[in-house]
Amino acid sequence: MSSPVLEIVDLHKRFGALEVLKGINLTMHQGDVVSLIGSSGSGKTTLLRCVNLLEEYEDGVVAVAGEQIGYTKKNGKRVRLSEREIARQRAMTGMAFQHFNLFPHMTAMHNVMLGLIKTRRMKKDEAHSVAEKWLERVGMLARRDHYPGQLSGGQQQRVAIARAIAMNPQLMLFDEVTSALDPELVNEVLSVVRDLAKDGMTMLLVTHEMQFAHDVSSKVIFMDDGRIGEEGPPDQLFRQPKSERLAAFLKSSKFS
Ligand SMILES: Nc1ncnc2c1ncn2[C@@H]1O[C@H](COP(=O)(O)OP(=O)(O)O)[C@@H](O)[C@H]1O
Ligand SMILES: [Mg+2]
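Here the structure is a predicted model, which is why all the values come from computation and not from measurement. (Residues numbered from 1 in each chain as written. Chains lettered and ligands numbered in written order. Predicted model: local features only at pLDDT ≥ 70, side-chain atom pairs only at ≥ 80, totals over all residues. Heavy atoms only, no water.)

A short note on the site of ligand 1
Lining the immediate surroundings of ligand 1 are Phe-15, Leu-18, Val-20, Ser-39, Ser-40, Gly-41, Ser-42, Gly-43, Lys-44, Thr-45 and Thr-46. Here Gly-41 contributes a backbone N or O atom positioned 2.7 Å from an oxygen atom of ligand 1. Interatomic distance of 2.7 Å between a side-chain N/O atom of Lys-44 and an oxygen atom of ligand 1. Contact with the protein chains hides 60% of the accessible area of ligand 1, taken as 560 Å² for the molecule alone. Of all the elements in the fold, those that place two or more residues in the shell around ligand 1 are β2 (18-28) and α1 (44-51). (Near = heavy atom within 4 Å. Polar contact = N/O pair within 3.5 Å; in protein donor to acceptor, adjacent residues only side chain to side chain. Areas by Shrake-Rupley, 256 points an atom, 1.4 Å probe, with all protein chains shown as cover. Helix = DSSP H or I, 4+ residues; strand = E, 2+ residues; numbered from the N terminus.)

Things to note about the pattern of salt bridges
Overall, the coordinates contain 17 salt bridges when judged by the stated rule. For Glu-67, the salt bridge goes to Arg-88, with nearest N and O atoms at 2.8 Å. Here Glu-67 is found in strand β5 (residues 67-68), whereas its partner Arg-88 is found in helix α2 (residues 83-90), with 21 residues between them in sequence. Among the residues examined, Glu-67 registers a relative accessible area of 25% and is labelled partly exposed. Salt-bridge contacts for Arg-158 lead to Glu-188; the nearest nitrogen and oxygen are separated by 2.9 Å. With Arg-158 in helix α5 (residues 153-166) and Glu-188 in helix α6 (residues 183-198), the pair connects residues that are 30 residues apart, well separated along the chain. Relative accessible area serves as the criterion here: at 11%, Arg-158 is assigned to the buried category. Counted as one network, the salt bridges with shared partners bring together Lys-13, Arg-49 and Glu-55. (Salt bridge = Lys/Arg side-chain N within 4 Å of Asp/Glu carboxyl O. Buried < 20%, exposed > 50% of the residue type's maximum accessible area, 1.4 Å probe, protein only.)

Some words on the sheet that holds strand β11 (residues 219-224)
Pairing is mixed in the open sheet, where six strands are placed in the order β8-β9-β10-β3-β11-β12. Strand pairing shows two members of the sheet lacking a second neighbour, β8 (93-96) and β12 (227-232), which therefore form its edges. Strand-to-strand twist in this sheet, taken as the mean axis angle between neighbours without regard to direction, amounts to 20°. In the sheet, strand β3 (residues 33-37) pairs with strand β10 (residues 203-206) via four bridges, with the strands oriented parallel. When the sheet's bridge partners are listed, Ser-35 is paired in β10 with Leu-205. Strands in contact with α1 are β3, β8, β9 (171-175), β10 and β11; relative to β9, the strand with the most contacts, it is inclined by about 150°. Running at roughly 100° to β11, helix α9 (residues 244-252) makes contact with β3, β11 and β12 of the sheet. (Pairing = 2+ DSSP bridges. Axes fitted to C-alpha atoms, helices over the stretch in contact; angles between N-to-C directions. Contact = heavy atoms within 4.5 Å.)

Here's the deal with the pairing of β9
The buried count for β9 comes to five of five residues, which makes it a mostly enclosed element. Direction of pairing for β8 relative to β9: parallel, over a ladder of four bridges. Within β9, the residue paired with Ala-96 across the bridge is Phe-174. Summarising the sheet, β9 and β10 pair through four bridges and their orientation is parallel. Pairing of Phe-174 across the sheet is with Leu-205, part of β10. In terms of handedness, the path from β9 via α6 over to β10 forms a crossover that is right-handed. (Right-handed = clockwise from strand over helix to strand, strands pointing away.)

This is how it looks when you write it as structure tokens:
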């Protein structure tokens, strides 16, 4: 089998005295869709942010496509890579957040083209056609000339997802991409993510949408106070929780 897209080994992360990740292990292969569920504060966002080094981590290894992210070993010592190397590694992953952060003064089209030109060094024409393809895929081609302020939250989020995916990342990270949306806009965004999953995109996502996590995931992880409390196939996790804590969490999130 080819090397895993993502391999996390015994990852520890502290904020000062507070240890928020207490030894996380996770291996993902091409096409895997892993959902992180769990209470607020359990470490889900921090885990995602360690994968593209938006957070530093103290112990353990995070590797994307066989390359350790952020650090290397020199004379047996762990040293941080150069900013240039880290920027290159960050481009291996794409991320979509709760707050989509599109550039307000740029059209949907230009928001998607920007990274292709600046980071992927594409010519304008090529960037335009790649952006067109992805805007079409998220159902936003007709609004390509709209500015973010002229789009609904769900539409903005779909543009933000297109912007991330257009960069052709090996791995997509999604952190509660529907949490800031009005309820009637949630499904249009989830269906975009569902389609990407069907196409074999490798994805690690945090979500409060339990039915969605159930339907889309190859594996679900219940994060519990900085640890993996339980993990397994969606049916097992949602239908036969082993721990009281997962059962209680599912009850509070009204999964039925
Ligand atoms: N920048 C930070 N500085 C200090 N503590 C933080 C920081 N970011 C997150 N935390 C703490 O880390 C823990 C995990 O947070 P987070 O990863 O955001 O959890 P989740 O996404 O599951 O809600 C929480 O206790 C949170 O308060
Ligand atoms: Mg979070």
